[in-house]
Amino acid sequence: MATPTTTNAAAHPCSVSSFIDFGSGSVSLRPRSNFFFIRTFNSRQFRNRSFSVTNVSVNHPTAVQEESSTNWPALAPDASSIASSIKYHAEFSPSFSPGQLDLPKAFLATAQSVRDALISNWNATYERYERLDVKQAYYLSMEFLQGRALLNAIGNLELTGAYAEALTKLGHNLENVASQEPDAALGNGGLGRLASCFLDSMATLDYPAWGYGLRYKYGLFKQLITKDGQEEVAENWLEMGSPWEIVRNDVSYPVKFYGKVVCDADGKRHWIGGEDVTAVAHDVPIPGYKTKTTNNLRLWSTKAPANDFDLSAFNAGEHMQAYEALANAEKICYVLYPGDDTEEGKVLRLKQQYTLCSASLQDIIARFERRSGSNINWGHFAEKVAVQMNDTHPTLCIPELMRILMDLKGLSWNDAWTITKRTVAYTNHTVLPEALEKWSLDLMQKLLPRHVEIIETIDEQLINEIVSEYGKEDTEMLEKKLKEMRVLENVDLPEQFAHLIVKPREISVAISLQELEESSEESESAEEKDESEDESTEEEKVMAEPPPKPPKMVRMANLCVVGGHAVNGVAEIHSEIVKDEVFNSFYKLWPKKFQNKTNGVTPRRWIRFCNPALSKIITEWTGSEDWVLNTERLGELRKFADNKGLQNQWRSAKRENKMKVVSFLKEKTGYTVSPDAMFDIQVKRIHEYKRQLLNILGIVYRYKKMKESSPEERKNMYASRVCIFGGKAFATYVQAKRIVKFITDVGITVNHDPEIGDLLKVIFVPDYNVSVAELLIPASELSQHISTAGMEASGTSNMKFAMNGCVQIGTLDGANVEIREEVGEENFFLFGARADEISGLRKERAEGKFIADPRFEEVKEFVRSGVFGGNSYDELLGSLEGNEGYGRGDYFLVGKDFPSYIECQEEVDKAYRDQQRWTRMSIMNTAGSYKFSSDRTIHEYAKNIWNIQPVRVE
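Calculation criteria
- Residues numbered from 1 in each chain as written.
- Predicted model: local features only at pLDDT ≥ 70, side-chain atom pairs only at ≥ 80, totals over all residues.
- Heavy atoms only, no water.
- UniProt positions renumbered as here; feature names shortened; annotations may be inferred.
- Helix = DSSP H or I, 4+ residues; strand = E, 2+ residues; numbered from the N terminus.
- Buried < 20%, exposed > 50% of the residue type's maximum accessible area, 1.4 Å probe, protein only.
- Contact = heavy atoms within 4.5 Å.
- Pairing = 2+ DSSP bridges.
- Axes fitted to C-alpha atoms, helices over the stretch in contact; angles between N-to-C directions.
- 1 Å grid on protein atoms, 1.4 Å probe; cavity = no way out; pocket = protein on both sides within 12 Å on 5 of 7 lines; lining within 4 Å.
- Points joined across faces, edges and corners; volume = space filled by probe spheres on them.
- Patch = residues over 30% accessible without salt bridge, like charges linked within 9 Å, V, L, I, M, F, W, Y side chains within 5 Å.
- Areas by Shrake-Rupley, 256 points an atom, 1.4 Å probe, with all protein chains shown as cover.
- Salt bridge = Lys/Arg side-chain N within 4 Å of Asp/Glu carboxyl O.
- Lys, Arg positive; Asp, Glu negative; His and termini not counted.
- Charge placed at Lys NZ, Arg CZ, Asp CG, Glu CD.
- Expected span 1.5 Å × (residues − 1).
- Polar contact = N/O pair within 3.5 Å; in protein donor to acceptor, adjacent residues only side chain to side chain.
- Left-handed = near helix turned anticlockwise from the far one by under 90°.
- Nonpolar A, V, L, I, M, F, W, Y, C, P; charged D, E, K, R; others polar.
- pLDDT = per-residue confidence, 0-100.
- Phe/Tyr/Trp six-rings, centres within 6.5 Å; stacked < 30°, edge-to-face > 60°.
- Lys NZ or Arg CZ within 6 Å of the ring centre and 35° of its normal.
- Arc of directions from axis to C-beta.
- Core = buried A, V, L, I, M, F, W, Y, C linked by side-chain atoms within 4.5 Å.

In the nomenclature of an unreviewed UniProt entry, the chain is known as Alpha-1,4 glucan phosphorylase of Linum trigynum. UniProt's Cofactor (unreviewed entry) comment on the chain is quoted here verbatim: "pyridoxal 5'-phosphate". The record held by UniProt for the chain lists under Function (unreviewed entry) the comment "Allosteric enzyme that catalyzes the rate-limiting step in glycogen catabolism, the phosphorolytic cleavage of glycogen to produce glucose-1-phosphate, and plays a central role in maintaining cellular and organismal glucose homeostasis."

In structure tokens form, the structure reads like this:
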């Protein structure tokens, strides 16, 4: 392996400078127990004393040392000491000009004060992992949707009260200061939020584990809602820098693209030439709750060396050319999921995925080698390292680990393959074909030539195993298995297997124009035909065009299954679909590989910190705060579900949270809503399978029927609702953006209808993110999880809503199935077709046998009437019509489920009008959510996939 530009100092998660962690002009921070301690001295003494810093080494972490022998007393952090620390950082760690401590400056100074404490625990954690040489898990993900870090960090450190008091002393409110923090733009949806919940649980449970991702400068995008619908602008979360991250300029690794593979005299292969970039580490501390354990999230940025800047070209006025190499390197980490409709976009995405895999594995291997010392035994690698691939984006870990082990460490193919399969595991998150990634073989051949060689050999080994398993007699079945299971798609079999499948002969078909005329003019008389033949002086041949060959592809999901020792789904129903449908042949071949690991969410961020009003009630009725770590205690609420005292408190907490959302919606959208209305919320990535279209069509139907009713009838038939949407449509996903536009159009009409008033409001919240979720979810009363059955792998927002006492309406899809089982069928509003019915219903539609419900036709006609403005919704509604074809045929069964959906919504109205019943349902949802803590999920990963043990940091 190319020698990474790292030292022992770089291997440590904290750089030398990180240890000079003085509080204000009057405090110095030191670790002790589960929090930091502070030593006080006046600022004049501080200025007159000199300090030295020891070198960082593996066994001797850096410590701040005074040259004076004075012993300072250790004091627990109180509000005054913390206030001094914040003031120090405002003065000596400035990102702003000197002057008043305004809110942005107060946030940065407060965050840097908190970071001091985290660094102390961070160092202690790393030193313990290093000293014990523990097996460590590494979670590779293209997304980490962290949200704001300040309140989470001080909450985990149990310093929320002290920081609130300290900021009050400085003339600020903790909540206002925390609101200045931008959400880290490192993710988009459930995939990234799950990864972040897992990081929290890993640290809380003391598991030695790191996250690896990319540091996206501009995120996915910031969503604006205008008269034209969704518009995208670049995220600016790094505009003022991040107070949490520490750049490791001395932790960097080379990442190569293009070039060629050469073979030396000994048969050893070398990947040479091409384009080289440098991946640089940025570390973010991840604190656990009520523990000193503070793990690491390492994010990679990319750059090119300074000598790649073409100074001659620049001085010649060719400025863009001079900067080209640097720009090509830096843009790899500009944007999450860059558009891939173009060849350039595809190249950039593949570069991102390889950068994540290559830099992370080089870092992991360097750590393994350092901890091994002079006695490196590669046979022990899988006993010290576990790599988890979060979906297919990190698939290139498999050929990259093989490349490093063989080409750079000198291992044989068999040894490298054994190590790789024991090290790597794969989490599948979807059954959607577009998410089961495939890459052009030609593109990968150009960009990563050595990896293609390795993938071809893996594919060849797989073919051999399939042939050994199924034999050569039944060629039809063998061909079917090979077509389904191979890593390479539409690629000829290797020469040694070519004889197994007999390809049909390609026949060149020649048809004369005369014959075409004859077949088309059967009605002509024989005389006319003879005359035509006589006049034909030359037979012209028309060659039938052979069908175009399908493109050669690399199937990343298949490579994950082949190269990993474990494959897990993320909900019980999803894992069954994975085994029975998505990877059925692999499951039959390797049944022990397949597991279920139902997703979970951290109860710290998603109840304890975002919903303090409800948390206080839970603590009171369960007798302690033990539920924050042991969510099984939430189940104790069941026995109090009918208690009037609890119900009154419960409703009071819900209203308190709703009032916050009323203010938020007024600020962000200009709409005024009533806190007495039901808050009905669907917030998630905008996608056709998630069926926001079903929700808004249901609202349109409700609005139409309201308009047709008298005021008295409306009051008796309908509960007041505020219908809230949030989520981003991918920038190039046209149909999803049409849905956003339609929702906003409906909102404009409904919200300005004086006849309807507060009985119905439709709000689209722009730029939905974690911080918005932390506000909306505690206030929610009904949440919609209404995806087409069998298409949502799990979902995690459904778990967050349940934890916060929100009643749900949904299909039997993903984790909805398990949530309904735990909260009780009577506390979940169920509708729609089931997963095992979907293929039959689609077939029925394709055959023209589906007959739409009259109410569905009625609502479409109402939309087309122009009531929501002059926009044409033909393309949007057209997807729900016809029997089959691209963008047609209602693939996601909105029309099929519409009648059952609106009938179920009528049951929701009835239940909500009985507030005693509704509150009981709400309590039962929180009580039943105990199973969906990410702590439980991480325990299962640690035990059944990673084989790692907790390591308590004392």
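Examining the overall build of the chain
In terms of helices and strands, the chain carries 37 helices and 28 strands. Counting over 954 residues, the chain shows a buried share of 57%. Of the contacts made within the chain by residues no fewer than 6 positions apart, 77% connect residues no fewer than 24 positions apart.

Brief notes about the sheet that holds strand 12 (residues 275-287)
In space, the nine strands of this open sheet follow the order 9-12-13-6-5-14-15-21-22, with mixed pairing throughout. Edge positions in the open sheet fall to strand 9 (246-257) and strand 22 (594-596), since each of these has one partner strand only. Here the strands of the sheet are splayed against their neighbours by 25 degrees on average, with no regard to which way each runs. The sheet contacts of helix 11 (residues 343-372) involve strand 5 (136-140), strand 6 (209-214), strand 9, strand 12, strand 13 (294-303) and strand 14 (385-390), and relative to strand 9 the element is tilted by about 115 degrees.

Observations regarding empty space enclosed by the protein
Applying the stated criterion across every chain, the model contains seven cavities of 30 Å³ or more. Of the voids in this model, the largest cavity is the one considered here, and its volume is about 70 Å³. Together, Lys684, Lys690, His785, Ile786, Ser787, Glu792, Ser794, Gly795, Ser797, Asn798, Asp813 and Asn816 line the largest cavity.

Structural notes on a negative patch on the surface
A cluster of acidic residues, Glu473, Asp474, Glu476 and Glu479, forms a negative patch on the protein surface. Relative to the helices and strands, Asp474 is located in the loop between helix 16 (449-470) and helix 17 (475-485).

With respect to helix 4 (residues 103-132)
Counted at 1.5 Å a residue, the expected span for helix 4 with its 30 residues is 44 Å, and the 43 Å between its end C-alpha atoms agrees. Of the residues that open helix 4, the one with a side-chain oxygen 3.2 Å from the backbone nitrogen of Lys105 is Asp102. Phi turns positive, to about 50 degrees, at Asp133, one or two residues after helix 4.

Focus: the UniProt feature "modified residue: N6-(pyridoxal phosphate)lysine" (unreviewed entry) in the chain
Those places that UniProt annotates as "modified residue: N6-(pyridoxal phosphate)lysine" (unreviewed entry) correspond, in this numbering, to Lys800. For Lys800, the location among the structural elements is in helix 30 (residues 797-803). Lys800 gets classed as buried once you look at its relative accessible area, which sits at 7%.

Notes on the packing of helix 3 (residues 79-92) against helix 4
Relative to each other, helix 3 and helix 4 sit at 115 degrees, their axes nearing to 8 Å. At the point where helix 3 passes helix 4, the crossing takes the right-handed sense. Facing helix 3, whose interface residues are Ile82, Ser85, Ile86, His89 and Ala90, helix 4 presents Lys105, Ala109, Thr110, Gln112, Ser113 and Asp116. Along the lines of polarity and charge, the residues of the contact of helix 3 with helix 4 split into four nonpolar, five polar and two charged.

Remarks on the confidence of the model for the chain
Do not read the predicted coordinates in detail wherever pLDDT is low. On average, residues of the chain score 89 in pLDDT, and 87% of them are at 70 or above. With pLDDT under 50 throughout, residues 1-11 is counted as low confidence; its partners more than four residues away or in other chains account for 31 contacts. Note on residues 507-513: pLDDT is under 50 here. Beyond four places in sequence and across chains, it has 16 contacts.

Observations concerning the pairing of strand 10 (residues 260-263)
On a regular strand, one side chain projects to one face of the sheet and the next to the other, so that they alternate. Strand direction decides the pairing type here: strand 10 and strand 11 (residues 269-272), joined by four bridges, are antiparallel. Each residue of the ladder has a partner; that of Val261, found in strand 11, is Trp271. Counted along the chain from strand 10 to the antiparallel partner strand 11, the turn is five residues long, and its residue Gly267 has a positive phi close to 85 degrees.

Regarding the packing of aromatic side chains
Within the structure shown, the criterion is met by 34 aromatic pairs. With centroids separated by 6.2 Å and ring planes inclined at 5 degrees, the aromatic side chains of Tyr212 and Trp300 adopt a geometry described as stacked. One end of the pair, Tyr212, is in strand 6; the other, Trp300, is in strand 13, with 88 residues separating them in the sequence. There is no split in this pair, since Tyr212 and Trp300 are both buried. A ring pair is formed by Phe257 and Tyr354, whose centres lie 5.9 Å apart and whose planes are at 70 degrees; its orientation type is edge-to-face. With Phe257 in strand 9 and Tyr354 in helix 11, this residue pair connects regions lying 97 residues apart in the sequence. A connected cluster of aromatic rings, assembled from ring pairs, spans Tyr126, Tyr138, Trp210, Tyr212, Tyr253 and Trp300. The lysine or arginine in question, Arg367, covers the ring of Trp210, its NZ or CZ lying 4.1 Å from the ring centre.

A word on the side chain of Gln353
With respect to the element layout, Gln353 can be found in helix 11. Once residues within four sequence positions are removed from consideration, Gln353 is found in contact with Met142, Thr392, His393, Leu396, Glu437 and Trp439.

Concerning the sheet that holds strand 17 (residues 488-489)
Across the sheet, three strands lie side by side as 16-20-17; this open sheet has antiparallel pairing. A strand with exactly one partner marks an edge of an open sheet, and here the two such strands are strand 16 (438-440) and strand 17. In this structure, strand 16 lies alongside strand 20 (residues 553-555), joined through three bridges in antiparallel fashion. Counterpart to Trp439 in the pairing with strand 20 is Val554. Across the sheet, helix 20 (residues 556-563) is in contact with strand 16 and strand 20; its angle to strand 20 comes to roughly 45 degrees.

Quick word on the pattern of salt bridges
The tally for this structure, following the rule as stated, stands at 65 salt bridges. Between Lys290 and Glu158 there is a salt bridge; the shortest N-O distance is 4.0 Å. With a gap of 132 residues between them, Lys290 in the loop between strand 12 and strand 13 and Glu158 in the loop between helix 5 (150-156) and helix 6 (160-169) connect regions that are remote in the sequence. Under the relative-accessibility criterion, Lys290 is labelled partly exposed at 30%. Members of the salt-bridge network, linked through shared partners, are Arg248, Asp283, Arg298, Asp363 and Arg367.

Let's talk about helix 10 (residues 319-330)
The end-to-end C-alpha distance of helix 10 is 16 Å, a good match for the 16 Å that twelve residues give at a rise of 1.5 Å each. Looking only at helix 10, the buried set comprises Ala322, Leu326 and Ala329. The buried side chains of helix 10 occupy one side of the element, clustering within an arc of 50 degrees when seen end-on. For helix 10, the secondary structure elements touched by its buried residues are strand 12, strand 13 and helix 9 (311-315).

Digging into the nonpolar core
With 155 residues, the main nonpolar core has Met444 and Trp946 as its most contacted residues. Counting residues per element, this core draws most heavily on helix 11, at twelve residues. Once residues within four sequence positions are removed from consideration, Trp946 is found in contact with Lys135, Ala137, Tyr139, Met202, Ala386, Gln388, Ile938 and Tyr941. Listed in part, the 54 residues of the second largest apolar core include Leu697, Tyr733, Cys904 and Tyr912.

Structural notes on the side chain of Asp206
Topologically, Asp206 is positioned in the loop between helix 8 (190-204) and strand 6. A distance of 2.9 Å separates the side chain of Asp206 from the side chain of Arg952, its partner in a polar contact. If near-sequence neighbours (up to four positions away) are discounted, Asp206 is found in contact with Thr291, Thr293, Gln949, Pro950, Val951 and Arg952.

Topic: the environment of Thr278
In this fold, Thr278 is placed in strand 12. Sequence separation of Thr278 and Ala359 is 81 residues, and the distance between their C-alpha atoms is 8.8 Å. What Thr278 contacts, discounting residues up to four positions off in sequence, is Ser252, Tyr253, Ser301, Thr302, Lys303 and Pro305.

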